[in-house]
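# Structural overview
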Amino acid sequence: MTTFATPLSLSRPEPAEEDVVTRRSIGAILIDSGRISPEDAERVLRAQKTHGQRFGEAAIQLGLLTEEDIRHALSHQFDYQYLPAGDTSLSSSLVAAYQPFSEAVEQLRALRSQLMLRWFDADVRRKALAVLAPVSGTGASFIVSNLAIVFSQLGERTLLIDANLRAPTQHHLFRIDARPGLSDLLSGYTGPSPVVRLNSFMGLSILPAGTVPPNPQELLGREAFKDLIAKYSREHDVILIDTPAAGQYADSQIIATRAGAALMVARKNQTSTQQLTRLARDVQQHGSLLVGSVLNDG
Ligand SMILES: Nc1ncnc2c1ncn2[C@@H]1O[C@H](COP(=O)(O)OP(=O)(O)OP(=O)(O)O)[C@@H](O)[C@H]1O
Ligand SMILES: [Mg+2]
């Protein structure tokens, strides 16, 4: 079994303010986002000139902005989007959206790098990956949602599919309507596309689970699911799929087979080696490639 014990980091370097002369200025971004008034920006510019400081340094010294404000503006300047603390438009468990510089998100970026190397190989054009956990509460939804954000931050056209048709959560996390969604598409829904593009993260789209159906396994086993993954693979660089607990429902093995590959999630002090070994064996027996496992230590 592969593990991600020593991940390589391919994450973007921290943006440096002096690299950005050709981009929209920090001051303009801060004015546009309402964080500083044009008059205060003028004061900052004057102080900046007088003391030979950077815009951010001068603004902080004048007490007009915080370091968090500056980091947020820099993230916009580099199209490295995240949400400011205090924004409640998404669930706070989307740590990649709210705390991009935290240790947990650094680890998610390291995981992303490993997956880029091991699975989403541009030469081979592999696109889909199912995220599986042995029991409910392990963190499959937590990992897959945050992973989707860090992939989109890298500029990958990322689609997150909620294929947990038992107890879907992605629509709660991303605060979108649950319906219509995957189950509706699999049942023959032909209305407007239920794929939701997120305003806050360009490049990130979500296909919610849809109407909770009485027959998830049967729906997921339909050819239509395979066809959907093939269609979305043409439109995206990365497709991540959330699944229900594998030890409880056979759905996740069907999803892993359709995706072609699976990533297992284990939770510190909760998941036993036996549970993981069984899950790994099942994934392989169902003809899916086990890309690796990740330890969720949160
Ligand atoms: N690393 C973490 N840090 C903080 N909270 C976490 C972490 N991992 C999981 N959680 C929280 O633990 C709870 C269970 O996680 P999650 O919903 O991802 O589990 P799951 O494996 O998807 O379960 P289910 O099979 O029931 O859908 C959630 O409230 C989630 O926000
Ligand atoms: Mg879940």
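Refer to the structure presented above.
Below is a short write-up of the structure. What you see as residue numbers is a count from 1 along each chain, following the sequence as written. The naming scheme follows written order: chains are lettered A onward, ligands numbered 1 onward. For a predicted model such as this one, the threshold for reporting local features is a pLDDT of at least 70, and the threshold for listing and counting side-chain atom pairs is 80 or more; totals across whole chains, interfaces and linings nevertheless cover every residue.

### Observations regarding the sheet that holds strand β4 (residues 204–207)
- With mixed pairing, seven strands are arranged side by side in an open sheet as β3-β4-β2-β5-β1-β6-β7. Two strands bound the open sheet, and with one partner strand each, they are β3 (196–197) and β7 (289–296).
- Between any two strands, at least two bridges found by DSSP are needed for them to pair. For the purposes of this entry, the term helix denotes a DSSP run of H or I that reaches at least four residues, the term strand denotes a run of E that reaches at least two, and both are numbered from the N terminus. In the sheet, strand β2 (residues 158–162) pairs with β4 via four bridges, with the strands oriented parallel. Within the sheet, the bridge partner assigned to T158 lies in β4 and is L204.
- This element, helix α7 (residues 140–153), spans β1 (128–132), β2, β4, β5 (238–242), β6 (261–267) and β7 of the sheet and lies at about 165° to β5.
- Those strands touched by helix α12 (residues 251–259) are β1, β5 and β6, and its axis lies near 160° from that of β1. Here the contact rule is simple: place C-beta atoms from the backbone, and any two residues whose C-beta atoms are within 7 Å are in contact. Between the N-to-C directions of two axes lies an angle of 0 to 180 degrees, each axis being a line fitted to C-alpha atoms and, for a helix, fitted only over the stretch in contact.

### Topic: the site of ligand 1
- In this entry, near means the residue's backbone-placed C-beta atom lies within 6 Å of the molecule or strand. The full set close to ligand 1 counts 16 residues, and S136, G139, S141, F142 and G298 are the nearest of them.
- Classification used: nonpolar for Ala, Val, Leu, Ile, Met, Phe, Trp, Tyr, Cys and Pro, charged for Asp, Glu, Lys and Arg, polar for all others including Gly. Tallied by class, residues from the shell around ligand 1 come to six nonpolar, ten polar and no charged.

### Some thoughts on the nonpolar core
- Among the nonpolar cores identified, the biggest contains 67 residues, and L129, V131, L132, L240, I241, A259 and A262 are the most heavily contacted of them.
- Among the elements that line this core, the one with the most residues is α7, at nine residues.
- Setting aside its immediate chain neighbours within four residues, L129 contacts L115, W119, L240, I241, A259, A261, L263 and V291.
- Counting twelve residues, the second largest nonpolar core, distinct from the first, contains F55, A59, L65 and A73. A set of buried Ala, Val, Leu, Ile, Met, Phe, Trp, Tyr and Cys residues, joined through C-beta atoms within 7 Å, is what we mean by a nonpolar core. Three exposure classes are used, all based on how many other C-beta atoms lie within 10 Å of a residue's own C-beta (placed from the backbone): buried at 20 or more, exposed at 12 or fewer, and partly exposed between those limits.

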